[in-house]
Amino acid sequence: MKKLMRGLRQFQDTYVPEHKKLMASLAKGQSPNALFITCSDSRVQPELITQAELGELFVIRNAGNIVPPFGATNGGEGATIEYALKSLNVDHIIVCGHSSCGAMKGLLQIGNLEAKMPLVYNWLIHTEATRQLVEDNYGDLEKADKLDMLVGENVLTQIENLRTYPAVRSMLHRGDLSLHGWIYNINDGSILAYDSERHAFVPPFTDPNKTFSNGHGHGLSQMPGEHRLARNQSQRIFKGSY
Ligand code: ZN
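Residues numbered from 1 in each chain as written. Predicted model: local features only at pLDDT ≥ 70, side-chain atom pairs only at ≥ 80, totals over all residues. Heavy atoms only, no water.

Visitor: Just to check I follow, could you spell out the nonpolar core for this structure?
Guide: The tendency in soluble globular proteins is for nonpolar side chains to be buried side by side. Counting 44 residues, the largest nonpolar core has L35, I81 and I93 as its most contacted members. Sort the elements by how many residues they give to this core and helix α9 (residues 143–162) lands first, with 8 residues. By size, the runner-up hydrophobic cluster in this structure holds 9 residues, among which are V44, A52, C96 and Y184. (Core = buried A, V, L, I, M, F, W, Y, C linked by side-chain atoms within 4.5 Å. Buried < 20%, exposed > 50% of the residue type's maximum accessible area, 1.4 Å probe, protein only. Helix = DSSP H or I, 4+ residues; strand = E, 2+ residues; numbered from the N terminus.)

See below:
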């Protein structure tokens, strides 16, 4: 707690005086660029990893970056999504999962959670579709590989769930909204972004032809996760299920 209090003082002594103009303008209202949905995990900081300034990101955080399908619950997620789209006119929504996610580890053994952590169990049920997809189709993977798979598929499930919200669906129909799926790697701070045309999570900055070329214009020389996994594993794991 002492460290937090020192941080508060430092913020007020240095950041605030240096950003007076920005804070005065934000006091009149906000106009964030994006709705950022991510996990509560302390190792994932949306503003830090995107280098966003105050007022730039509207954020939802919960265990497992889960968006319950429309009507499934009266939680804050739906209200926050609706407010972001209808009142703040946000036109990008990012769902950002992350490596080594505790919620996804819990999902892998959800049967053990019902008695031990009933609230977590009830929450993770909102992404049961992810668990079932991975268990049914990739059940033979090693535990670490299965977790990677679950993290990626969970992001895609939440994007599907977003589409069940009337405001999201309506804006998508008009072409006024973009949905993005990201995976943050807590080992090295890198991001993979879902590319729906290629059905894969890929590095967002590099030329895809270069990234996935063997230098002779064909073949796959480098897939995300290849540093740790065999090539055929990483190709399968990061393929996604759209
Ligand atoms: Zn997490």
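Visitor: Sorry, what's going on with the coordination of the zinc ion here?
Guide: Six octahedral donors around a metal ideally sit at 90 or 180 degrees from one another, while four tetrahedral donors ideally sit at 109.5 degrees. Looking at the metal site, the zinc ion is ligated by C39 (SG), H98 (NE2) and C101 (SG), spaced 2.0 to 2.3 Å from it. Counting residues between consecutive donors of the zinc ion along the chain gives the motif C-x58-H-x2-C. Here the residue C39 occupies a position in strand β1 (residues 34–39), and H98 occupies one in strand β3 (residues 92–98), the gap between them amounting to 59 residues. For the pair shown, C39 and H98 are each scored as buried. (Donors = N, O, S within 2.8 Å, 3.2 Å for Na, K, Ca; no water.)

Visitor: Whenever I open this one, the packing of aromatic side chains confuses me. Can you help?
Guide: Centre-to-centre distance and the angle between the planes together describe a pair of aromatic rings. The final tally for this structure, using the stated rule, is 5 aromatic pairs. Here F36 and W182 contribute two aromatic rings whose centre-to-centre distance is 5.9 Å and whose plane-to-plane angle is 80°, an arrangement assigned as edge-to-face. Separated by 146 residues along the polypeptide, F36 in strand β1 and W182 in strand β4 (residues 178–184) bring together distant segments of the chain. Overall, the relative accessible area of 0% leaves F36 in the buried class. (Phe/Tyr/Trp six-rings, centres within 6.5 Å; stacked < 30°, edge-to-face > 60°.)

Visitor: Before we go on, may I ask you to explain the sheet that holds strand β5 (residues 191–195) in this structure?
Guide: One key point about sheets: their strands pair by backbone hydrogen bonds, in either a parallel or an antiparallel sense. What the 6 strands build is an open sheet, ordered β2-β1-β3-β4-β5-β6; its pairing is mixed. Of all strands in the sheet, those with a lone pairing partner are β2 (57–62) and β6 (200–202), marking the two edges. Strand after strand, the sheet turns through a mean of 25° between neighbouring axes, direction not considered. In this sheet, β3 lies alongside β1 in parallel orientation, the contact comprising 4 bridges. Its bridge partner lying in β3, T38 is registered against C96. In the packing of helix α4 (residues 76–86) onto the sheet, contacts are made with β1, β2 and β3, and the angle to β2 comes to roughly 170°. (Pairing = 2+ DSSP bridges. Axes fitted to C-alpha atoms, helices over the stretch in contact; angles between N-to-C directions. Contact = heavy atoms within 4.5 Å.)

Visitor: I would appreciate a short explanation of the side chain of T38 in the present structure.
Guide: Relative to the helices and strands, T38 resides in strand β1. Here T38 falls in the buried class, since its relative accessible area comes to 0%.

Visitor: When you look at the packing of helix α8 (residues 128–138) against α9 in this model, what are you seeing that I'm missing?
Guide: Helix-helix packing: each pair is described by the crossing angle between the helix axes and the interaxial distance. Relative to each other, α8 and α9 sit at 135°, their axes nearing to 9 Å. Overall, the two elements α8 and α9 adopt an arrangement that is oblique. The two elements α8 and α9 cross, and the hand of that crossing is right-handed. Across the interface between the two elements, A129, T130, R131, L133, V134, E135 and Y138 of α8 pack against K146, M149, L150, E153, N154 and T157 of α9. Split by residue class, the contact of α8 with α9 holds 6 nonpolar, 3 polar and 4 charged. (Parallel < 35°, antiparallel > 145°, perpendicular 65-115°, else oblique. Left-handed = near helix turned anticlockwise from the far one by under 90°. Nonpolar A, V, L, I, M, F, W, Y, C, P; charged D, E, K, R; others polar.)

Visitor: When you look at the side chain of S99 in this model, what are you seeing that I'm missing?
Guide: Relative to the helices and strands, S99 resides in the loop between β3 and α5 (102–108). We classify S99 as buried; its relative accessible area is 12%. Apart from the residues within four sequence positions on either side, S99 is in contact with I183, Y184, N185, I186 and N187.

Visitor: Please clarify how the environment of L107 should be interpreted in this entry.
Guide: Note on placement: L107 falls in helix α5. Counting along the chain gives 24 residues from L107 to R131, while the straight-line C-alpha distance between them is 6.6 Å. The residues touching L107, leaving out its near neighbours within four places in the chain, are L124, T127, T130, R131 and L150.

Visitor: Explain helix α10 (residues 166–174) to me, please; I cannot follow it from the model alone.
Guide: Count 3.6 residues to each turn of an α-helix, and residues three or four apart come out pointing the same way. Within α10, the full set of buried residues consists of A167, V168 and M171. Viewed along the axis of α10, the buried residues span an arc of 100°, placing them on a single side of the element. Seen from the open side of α10, the exposed residues pointing more than 90 degrees away from its buried face are R169 and H173. At its buried positions, α10 is contacted by α4, β3, α9 and β4. Phi turns positive one or two residues past the end of α10, at G175, with a value near 75°. (Arc of directions from axis to C-beta.)

Visitor: Hey, could you run me through the packing of helix α1 (residues 2–18) against helix α2 (residues 20–28) in this one?
Guide: Orientation of α1 relative to α2, taken along the N-to-C sense of each, is 80°, at an axis distance of 5 Å. Classified by the interaxial angle, the pair formed by α1 and α2 is roughly perpendicular. Here α1 contributes F11, Y15, V16, P17 and E18 to the contact with α2, which in turn contributes K20, L22 and M23. Split by residue class, the contact of α1 with α2 holds 6 nonpolar, no polar and 2 charged.

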